[in-house]
Amino acid sequence: MGSHSAQPPIPTPTTPAGREGLEAVLERPDRAVIALDFDGTLADIVPDPERARAHPGAVEALAALAPKVASIAVITGRPAGVAVRYGGFAGVPGLDRLVVLGHYGAERWDAATGTVTAPAPHPGVAEARAELPGVLHEFGAWHGTWTEEKGQAVAVHTRRADDPQAAFETLRGPLGELAARHGLILEPGRQVLELRPPGMDKGVALAEYVREVDAASVVYAGDDLGDLAAFAAVEKLRGGGPDGIPGLLVCSGSAEVPELAERADLSVPGPAAVVDFLAALADQL
């Protein structure tokens with residue numbers, strides 16, 4: 001991301017609703033919310049989720065864009081503090097209008113204060129976590145899977161298994177039953193199965209935040225099944241008649257999750273291209 005003069009133009013959305021959303025952002029950037037998923041959107045997917053980091057240039061692009069818009073929101077299934085650390089978002093000049101909505105919006109970190117607010121963990125998470133080793137052992141999925149502790153949730157990654165997709169399919173049913181027994185829901189993703197409390201998803205988090213900041217337009221970029229709820233929220237917002245809010249849906253990397261790509265107004269090939277999009281938007285504003 002060298003000089004700003006070399007920045008390519010913003011790619012054109014393929015749908016009328018997407019073009020209207022982008023136009024609204026460009027016309028009134030001070031009332032636009034730019035919302036983004038973290039893993040697979042701002043950070044490349046890696047075999048070990050603990051090694052995920054924001055794509056080079058992401059923070060620079062966000063810092064260039066943030067002062068020109070109402071707010072930037074990172075909405076992630078990760079704990080808010082972890083996303084802040086892996087993203088390198090803390091203490092960055094220009095990023096004081098950034099919020100991180102972690103655990104699908106159950107947690108919140110504000111750059112302006114540097115603090116995280118979070119509810120008490122759901123008791124079912126601890127109960128399911130205690131039973132998890134037995135379930136993994138019973139279904140022969142102990143080797144190659146990796147369990148991620150998320151405080152408000154627990155996730156099982158199959159990306160390191162000999163056959164990641166087979167391990168994912170084997171565990172989907174049993175982990176769904178485990179979640180249900182403890183009042184949780186199962187959130188499938190790209191070779192990850194997450195057990196988490198119900199009632200919060202990226203769509204709920206995004207819609208509430210858009211209302212909170214009284215946004216007049218919204219952009220949402222995501223890459224995985226968990227982002228479908230946010231896509232649906234934007235579709236609902238822009239379908240609200242005269243009170244509707246224009247929006248642009250961006251899919252990061254269209255090959256792995258066709259369900260998301262089919263509903264996107266704009267598909268870009270992964271985090272590097274998302275960063276280019278953010279930089280181009282900042283440049284044009």
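Residues numbered from 1 in each chain as written. Predicted model: local features only at pLDDT ≥ 70, side-chain atom pairs only at ≥ 80, totals over all residues. Heavy atoms only, no water.

Visitor: Can you tell me about the overall build of the chain, naming the residues and giving the values?
Guide: Within the chain, the regular secondary structure consists of nine helices and twelve strands. Over its C-alpha atoms the chain spans a radius of gyration of 19 Å, differing by no more than 12% from the 19 Å that the globule rule assigns to 285 residues. Dimensions of the chain along its principal axes, counting C-alpha atoms only, are 55 × 40 × 35 Å. The burial tally for the chain puts 52% of its 285 residues in the buried class. Nonlocal contacts in the chain, meaning residues at least 24 apart in sequence, comprise 67% of its contacts between residues at least 6 apart. On the chain, roughly 12000 Å² of surface is accessible, and the fraction owed to carbon and sulfur atoms is 53%. (Helix = DSSP H or I, 4+ residues; strand = E, 2+ residues; numbered from the N terminus. Rg over C-alpha atoms; globule rule 2.2 N^0.38 Å. Buried < 20%, exposed > 50% of the residue type's maximum accessible area, 1.4 Å probe, protein only. Contact = heavy atoms within 4.5 Å. Areas by Shrake-Rupley, 256 points an atom, 1.4 Å probe, with all protein chains shown as cover.)

Visitor: Describe the pairing of strand S1 (residues 32-36), and please don't skip the residues or the numbers.
Guide: Counted residue by residue, S1 has five buried out of five residues, so it is predominantly covered. Both faces of S1 are covered, namely the face carrying Ala32, Ile34 and Leu36 and the face carrying Val33 and Ala35. Here S1 pairs with strand S10 (residues 217-222) via five bridges, running parallel. Pairing of Ala32 across the sheet is with Ser217, part of S10. Where S1 meets strand S2 (residues 71-75), four bridges bridge the pair, whose relative direction is parallel. Across the sheet, the residue bridging to Leu36 is Val74, located in S2. With helix H2 (residues 58-65) bridging S1 and the parallel S2, this β-α-β connection has right-handed handedness. (Pairing = 2+ DSSP bridges. Right-handed = clockwise from strand over helix to strand, strands pointing away.)

Visitor: A description of the packing of aromatic side chains should follow, citing residues and the corresponding values.
Guide: Taken as a whole and judged by the stated rule, the model has two aromatic pairs. Plain terms: the ring middles of Phe38 and Phe89 are 6.2 Å apart, the flat faces sit at 85° to each other, and that makes the pair edge-to-face. With Phe38 in the loop between S1 and H2 and Phe89 in the loop between helix H3 (80-87) and strand S3 (98-102), this pair connects stretches of sequence that are 51 residues apart. In this pair, the class of Phe38 matches that of Phe89, namely buried. The aromatic ring of Tyr86 is capped on one face by Arg53, whose charged end is 4.2 Å from the ring centroid. Across from the ring centre of Tyr104, 3.9 Å away, lies the NZ or CZ of Arg196, which sits over that ring. (Phe/Tyr/Trp six-rings, centres within 6.5 Å; stacked < 30°, edge-to-face > 60°. Lys NZ or Arg CZ within 6 Å of the ring centre and 35° of its normal.)

Visitor: Outline the packing of H2 against helix H9 (residues 271-284), listing residues and values.
Guide: Packed helices, taken two at a time, are described by their axes: the angle between them and the distance between them. Close contact between H2 and H9 brings their axes to 8 Å; oriented N to C, the two are set at 25°. In terms of axis orientation, H2 runs roughly parallel to H9. Here H2 and H9 pass one another in a crossing that is left-handed. From H2, Ala58, Ala61, Leu62, Ala64 and Leu65 reach across to H9, where they touch Val275, Leu278, Ala279, Leu281 and Ala282. The class makeup of the residues in the contact of H2 with H9 is ten nonpolar, no polar and no charged. (Axes fitted to C-alpha atoms, helices over the stretch in contact; angles between N-to-C directions. Parallel < 35°, antiparallel > 145°, perpendicular 65-115°, else oblique. Left-handed = near helix turned anticlockwise from the far one by under 90°. Nonpolar A, V, L, I, M, F, W, Y, C, P; charged D, E, K, R; others polar.)

Visitor: Please provide a residue-by-residue account of helix H5 (residues 164-181), values included.
Guide: Here H5 contains 18 residues, and its C-alpha end-to-end distance of 25 Å stays within 8% of the 26 Å for a straight helix at 1.5 Å per residue. Of all the bends in H5, the largest measures some 35° and sits at Arg172, one to four residues before the proline Pro174. Restricting attention to buried positions, one finds in H5 the residues Pro164, Ala167, Phe168, Leu171, Pro174, Leu175, Leu178 and Ala179. Looking at the packing, one finds that the buried side of H5 touches helix H4 (123-138), strand S7 (154-157), strand S8 (185-189) and strand S9 (192-196). Residue Gly183 follows H5 closely and has a positive phi angle near 70°. (Expected span 1.5 Å × (residues − 1). Bend = angle between axes of the 7 residues up to and from the residue.)

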